[in-house]
Amino acid sequence: MGKYIELTGADFKETLSEGVSLVDFWAPWCGPCRMIAPVIEELAEDYDGKAKICKVNTDEEQDIAVEFGIRSIPTIMFFKDGEMVDQIVGAQSKQALADKLDALLG
Amino acid sequence: MAILDCAIIGGGPAGLTAGLYTTRGGLENVVMFEKGMPGGQITNSSEIENYPGVTGEITGMDLMTPWPAQCSKFGLVHEMVNVTRVSKNGDLFTIHKEDGTTTDAHSVIIGTGSSPRRAGFTGEDAYFGRGVSTCATCDGFFYKGKDVAVIGGGDTALEEALYLAKICNKVYLVHRRDTFRSAPNTVKRVKNTENIELVLNSVPDEVYGDNMGVTGLRVKKSDGTTREIEVPGVFIFVGNDVNNQTLIQEDGSFLCDMNEQGQVIVDISMRTSVAGLFAAGDMRIAAPKQVISAAGDGAVAALQAISYVDELLN
């Protein structure tokens, strides 16, 4: 069963360096972040072995949030081979996120 | 899939209460469609002072957390999918979902609520998520010790200005009038908060910035002069627009009668112009836009839906 990856400053770059990844920047106090939490969990299962579904707790990993200029959460970024290729701000439906992943997976 | 007794669209206070009342009241096959975790827009709110019986410092998220479990105890099923359209053919409703599947239902309670309105000034959309925000509890954290501006003069604007004043160095409260249409107690608290500066008789003209995001806001005063406010964050609370997209049919018309503001016309029992379709919460006409009234609507709609389904099937 697929599980999302909890990213930290130590493994952030290496984890995203290869393949397609989705990164959900969130925090425990954020309502819309909590709203999409079960969506992220389902995506982690659906894309197991195909794409890396990741989360960054911006409360604990402030350096990453600053590096990527995060000013609103949830922000969902898409990476391909280490490069940020797309981002969306605000709660999204599972379908909207899956469509973006599918497009990147080709 | 079997035909649902009742389909509930939306998982805020209205939808959840409708779910509680329909299932507890005896409808057996009830699904609440909500694209993510239920709770609704109120989970963005930093403080709830006016939900009866709930006292102490409580956030919108705290208030809503126990609701879904209470509903599932009575058999409410949550389907985590976005509904794109509700249509009706004969006596049967069809719920069209974003994943391309459909579900049929004998009755529908729609409570898709509202979303924060954009104020409509230059730069607002371009910098949304990069300094412009509509959720202080979500994004206030990123402005710890910094200066921010809040746009608006209603309850939400004032409550969130108070919340931001605790985190930020300074809050500029930009309001187009010189009086507030907020609860007197809240106005008093705002006026007594040292690090809130009232920028009255002023409207936002432009938010500007660089490639990292917002760096400032220009406001226009009613006398025609302008003022530059150097802030990295601008929070906008200027009301809400109803989410009525799911009621739009393939030919562009609405499933039921709406008013000019796009709100669903209902009677005192939350009945719409279409038999078996009920609307509850922020999206109905004359909605007070309060958790308590949305929940009340949900209960009223649920009791009506139970009678409707009973008569239809028996």
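Residues numbered from 1 in each chain as written. Chains lettered and ligands numbered in written order. Predicted model: local features only at pLDDT ≥ 70, side-chain atom pairs only at ≥ 80, totals over all residues.

Trainee: What am I meant to see in the confidence of the model for chain B here?
Mentor: A low pLDDT score tells you not to read the predicted coordinates there in detail. The share of residues in chain B with pLDDT of 70 or more is 100%, and the mean pLDDT across the chain is 97. At the level of chain-chain contacts, confidence expressed as ipTM amounts to 0.93, with global pTM at 0.93. (pLDDT = per-residue confidence, 0-100.)

Trainee: Any chance you could explain the pairing of strand β2 (residues 30-33) of chain B here in plain terms?
Mentor: Residues and elements named next belong to chain B. Residue alternation in β2 divides its side chains into two sets, Val30 and Met32 and Val31 and Phe33, and both sets are buried. Judged from the four bridges that link them, strand β1 (residues 4-9) and β2 form a sheet pairing that is parallel. Within the sheet, the bridge partner assigned to Ile9 lies in β2 and is Phe33. In this sheet, strand β3 (residues 77-79) lies alongside β2 in parallel orientation, the contact comprising three bridges. Each bridged residue has a counterpart across the sheet, and for Val31 the counterpart in β3 is Val77. (Buried ≥ 20, exposed ≤ 12 C-beta atoms within 10 Å, placed from the backbone. Helix = DSSP H or I, 4+ residues; strand = E, 2+ residues; numbered from the N terminus. Pairing = 2+ DSSP bridges.)

Trainee: Explain the sheet that holds strand β14 (residues 226-229) of chain B to me, please; I cannot follow it from the model alone.
Mentor: All names here are of chain B. As summarised here, the arrangement of the three strands in space is β12-β13-β14, forming an open sheet in which the pairing is antiparallel. The open sheet has two free edges, formed respectively by β12 (202-210) and β14, since each of these has just one partner strand. The sheet shows a mean angle of 25° between the axes of neighbouring strands, direction not considered. Two strands pair when backbone bridges link them, and strand β13 (residues 213-221) and β14 are joined in this way by four bridges, in the antiparallel orientation. (Axes fitted to C-alpha atoms, helices over the stretch in contact; angles between N-to-C directions.)

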